[in-house]
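Okay, here's what each chain looks like letter by letter:
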Amino acid sequence: MAMVCLTDFEEYAKEHLSKATWDYYAAGADECCTRDDNLLAFKRIRLRPRILRDVSVCDTRTTVQGTEISFPVGIAPTAFHCLAWHEGEVATARATEAVNTCYITSTYSTCSVEEIVAAAPGGYRWFQLYVYRNRKVSEQIVHRVEALGYQALVLTVDVPYTGKRRNDIRNQFKLPPHLRVKNFDGVFEENAGPEEYGVPANTLDPSISWKDIYWLQSLTRLPIIIKGILTKEDAELAVEHGVQGIIVSNHGGRQLDGDPATIDALSEIVDTVQGRIEVYLDGGIRTGSDVLKALALGAKCVFIGRPAVWGLAYKGEEGVREVLQILNDEFRLCMALAGECRRPVGVITAAPFQRHPVPWFFTLHFNFFKA
Ligand SMILES: Cc1cc2nc3c(=O)[nH]c(=O)nc-3n(C[C@H](O)[C@H](O)[C@H](O)COP(=O)(O)O)c2cc1C
């Protein structure tokens with residue numbers, strides 16, 4: 001079967017993964033309104049193409065936190081890659097190293113951070129972090145990933161409690177006995193009570209607040225990026241607390257059902273931040289034109305969650321590479337067709353489609369090229 005677009009990988013994964021695994025990856029919270037709106041919102045936006053602008057040379061490179069990557073799409077943190085492919089996160093790391101983009105490793109990996117780094121020593125990686133009731137657990141992992149050469153910490157802030165994912169409850173989802181959250185080997189007591197997604201339940205600290213950003217800053221010299229911001233108020237607080245980046249994210253619709261689609265939340269955050277720190281987005285990116293729209297609305301880079309897992313389910317490292325390559329090719333083509341292929345970078349705009357009787361155009365400059 002020829003794999004032409006990301007939904008081909010989705011279909012393959014749905015057909016070949018066990019039902020419980022597929023349901024776990026696909027899940028949204030409650031009625032999945034936010035999960036689904038992440039995709040639909042992109043389809044409500046139209047681009048304003050410019051013409052006769054010599055698109056014969058195209059350069060998709062960008063920088064994130066000062067490091068160059070081949071195109072403005074990285075891998076969002078997703079848990080349990082060994083459920084999709086036996087090599088798990090090691091395969092994801094190799095694929096992102098080959099493509100030269102950013103891989104955000106989930107805390108809940110089924111390979112350890114040491115195995116991931118050893119498999120792709122030249123890869124560009126950030127580490128996704130949660131804050132635990134036992135702060136020592138967070139402290140130890142921060143020191144571990146810093147020593148291993150991870151280049152930033154991504155603090156996920158939208159999980160004070162886990163969202164209600166109905167199919168996981170129906171399926172009584174559990175990691176199979178041969179898999180575990182390897183980063184926590186020996187960390188939590190054995191038989192520490194009921195388990196939730198591979199770790200003892202209630203280990204995350206729901207009392208975390210803005211002051212804990214200072215605590216995290218005191219532990220590390222790595223840049224801190226907050227993942228899970230959806231409002232201008234929190235974007236402003238993030239800047240005031242001295243973090244280096246924001247990922248506009250609703251956790252792929254897996255947490256609060258009723259959150260806005262991330263692409264709909266992006267503009268108010270970009271407007272508030274005013275370029276003081278980098279703003280990224282994840283949620284619902286499935287085509288090159290989605291990438292272009294997010295960039296036109298001010299994101300510096302976007303990240304894909306589920307599509308990477310579908311790539312893994314298809315062919316491990318090769319599958320993830322194919323997913324990234326298809327997105328890169330589509331993005332490059334969209335750029336050219338929109339008249340936005342050369343430096344110096346001009347202006348392209350994205351507009352919500354038919355939402356207003358008189359079209360109301362965003363006018364934001366592309367900001368993903370480094371001169
Ligand atoms: C199966 C799955 C597991 C995830 N695990 C994590 C995680 O461990 N940490 C985290 O911060 N976000 C996690 N996320 C959220 C993703 O980082 C990301 O926000 C989301 O998947 C983006 O939406 P998309 O899947 O539509 O691309 C997970 C998402 C999925 C689908």
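Procedures and definitions
Residues numbered from 1 in each chain as written. Predicted model: local features only at pLDDT ≥ 70, side-chain atom pairs only at ≥ 80, totals over all residues. Helix = DSSP H or I, 4+ residues; strand = E, 2+ residues; numbered from the N terminus. Rg over C-alpha atoms; globule rule 2.2 N^0.38 Å. Buried ≥ 20, exposed ≤ 12 C-beta atoms within 10 Å, placed from the backbone. Contact = placed C-beta atoms within 7 Å. UniProt positions renumbered as here; feature names shortened; annotations may be inferred. Axes fitted to C-alpha atoms, helices over the stretch in contact; angles between N-to-C directions. Parallel < 35°, antiparallel > 145°, perpendicular 65-115°, else oblique. Left-handed = near helix turned anticlockwise from the far one by under 90°. Nonpolar A, V, L, I, M, F, W, Y, C, P; charged D, E, K, R; others polar. pLDDT = per-residue confidence, 0-100. Core = buried A, V, L, I, M, F, W, Y, C linked by C-beta atoms within 7 Å. Pairing = 2+ DSSP bridges. Right-handed = clockwise from strand over helix to strand, strands pointing away.

Concerning the overall build of the protein
Okay, so step 1: Helix and strand counts for the protein stand at 12 helices and 15 strands.
Okay, so step 2: What you see for the protein is a C-alpha radius of gyration of 20 Å, in line with the 21 Å of a compact globule of 371 residues.
Okay, so step 3: If you line up the protein on its principal axes, its C-alpha atoms span 65 × 50 × 40 Å.
Okay, so step 4: Within the protein, buried positions represent 47% of all 371 residues.
Okay, so step 5: A sequence separation of at least 24 residues applies to 72% of the contacts in the protein between residues at least 6 apart.

A short note on the UniProt feature "binding site: glyoxylate" (unreviewed entry) in the protein
Okay, so step 1: The residues that UniProt annotates with the feature "binding site: glyoxylate" (unreviewed entry) are Tyr 24, Arg 165, His 251 and Arg 254. These annotated residues cover 231 residues of sequence, but their C-alpha atoms sit close together, with the largest distance between any two at 13.4 Å.
Okay, so step 2: Looking at where Arg 165 falls in the secondary structure, it is placed in the loop between strand 7 (153-156) and helix 7 (166-170).
Okay, so step 3: Beyond its immediate stretch of four places on either side in the chain, Arg 165 contacts Ala 27, Ala 29 and Arg 254.
Okay, so step 4: When you line up the elements, Arg 254 lands in the loop between strand 11 (245-248) and helix 10 (262-273).
Okay, so step 5: In this structure Arg 254 comes out as buried when scored by C-beta crowding, with 24 C-beta atoms within 10 Å.
Okay, so step 6: Apart from the residues within four sequence positions on either side, Arg 254 is in contact with Ala 27, Gly 28, Ala 29, Gly 163 and Arg 165.

A few points about the packing of helix 11 (residues 288-296) against helix 12 (residues 306-337)
Okay, so step 1: Here helix 11 crosses helix 12 at 60°, and the two axes come no closer than 7 Å. Judged by the inter-axis angle, helix 11 sits oblique to helix 12. Between helix 11 and helix 12 the crossing geometry is right-handed. Seen from helix 11, the contacting residues are Gly 288, Ser 289, Val 291 and Leu 292; seen from helix 12, they are Leu 327, Glu 330, Phe 331, Leu 333, Cys 334 and Met 335.
Okay, so step 2: Residues that form the contact of helix 11 with helix 12 fall into these classes: seven nonpolar, two polar and one charged.

Thoughts on unusual backbone geometry
Okay, so step 1: Backbone geometry places Asp 30, a non-glycine residue, at a positive phi of 50°.
Okay, so step 2: On the secondary structure map, Asp 30 appears in the loop between helix 2 (19-26) and helix 3 (33-43).
Okay, so step 3: Note on Asp 30: 17 C-beta atoms within 10 Å, which makes it partly exposed.
Okay, so step 4: Located in the positive-phi region is Asn 100, a residue other than glycine, with phi close to 60°.

A look at the confidence of the model for the protein
Okay, so step 1: A residue-level look at the protein finds 92% of positions with pLDDT of 70 or above and a mean pLDDT of 92.
Okay, so step 2: The low-confidence segment residues 354-371 (pLDDT under 50) makes 38 contacts with residues lying over four places distant or belonging to another chain.

A word on the nonpolar core
Nonpolar side chains in soluble globular proteins generally cluster together in the buried interior.
Okay, so step 1: Counting 107 residues, the largest nonpolar core has Val 154, Ile 246, Val 248, Leu 266, Ile 269, Ala 299 and Val 302 as its most contacted members.
Okay, so step 2: Setting aside anything within four residues of it in sequence, one finds Ile 269 in contact with Ile 229, Lys 232, Ala 235, Ile 246, Val 248 and Val 279.

Points about the pairing of strand 6 (residues 124-129)
Okay, so step 1: Taking burial as the measure, the six residues of strand 6 include six buried ones, the bulk of the element.
Okay, so step 2: As judged from the three bridges shared by strand 6 and strand 7, these two strands associate in the parallel manner. What sits directly across from Gln 128, in strand 7, is Val 154.
Okay, so step 3: This β-α-β element, strand 6 to helix 6 (residues 135-147) to strand 7, shows right-handed connectivity.

Let's talk about the environment of Phe 188
Okay, so step 1: Relative to the helices and strands, Phe 188 is located in the loop between helix 7 and strand 8 (195-196).
Okay, so step 2: Owing to 17 C-beta atoms within 10 Å, Phe 188 belongs among the partly exposed residues under this scheme.
Okay, so step 3: What Phe 188 contacts, discounting residues up to four positions off in sequence, is Val 199, Pro 200 and Thr 203.

Here's the deal with the packing of helix 9 (residues 232-240) against helix 10
Okay, so step 1: Packing of helix 9 against helix 10 brings their axes to within 9 Å, and their N-to-C directions diverge by 35°. In the packing of helix 9 onto helix 10, the handedness of the crossing is right-handed. Contact with helix 9, carried on its side by Lys 232, Ala 235, Glu 236 and Val 239, involves Glu 268, Ile 269, Thr 272 and Val 273 of helix 10 and no other residues of that element.

Considerations on helix 11
Okay, so step 1: Along helix 11, nine of the nine residues are buried, which leaves the element largely enclosed by surrounding structure.
Okay, so step 2: Regarding helix 11, the residues found buried are Gly 288, Ser 289, Asp 290, Val 291, Leu 292, Lys 293, Ala 294, Leu 295 and Ala 296.
Okay, so step 3: With its phi angle positive at about 110°, Gly 298 sits one or two positions after the end of helix 11.

A closer look at the environment of Asn 134
Okay, so step 1: As for its placement among the helices and strands, Asn 134 is situated in the loop between strand 6 and helix 6.
Okay, so step 2: Its 13 C-beta neighbours within 10 Å are what place Asn 134 among the partly exposed residues.
Okay, so step 3: Through-space distance from the C-alpha of Asn 134 to that of Leu 204 is 8.4 Å; in sequence the pair is 70 residues apart.

Re helix 3
Okay, so step 1: Considered for burial, the residues of helix 3 that qualify are Thr 34, Arg 35, Asp 37, Asn 38, Ala 41 and Phe 42.
Okay, so step 2: Check the buried side of helix 3 and you find it contacts strand 1 (45-48), helix 10 and helix 11.

Side note on the pairing of strand 10 (residues 224-229)
Okay, so step 1: Burial analysis of strand 10 places six of its six residues in the buried class, which makes it a mostly covered element.
Okay, so step 2: Taken together, the four bridges between strand 10 and strand 11 define a ladder with parallel strand orientation. Looking across to strand 11, one finds that Ile 226 is bridged to Ile 246.
Okay, so step 3: Once you follow strand 10 into helix 9 and on to strand 11, the crossover reads as right-handed.

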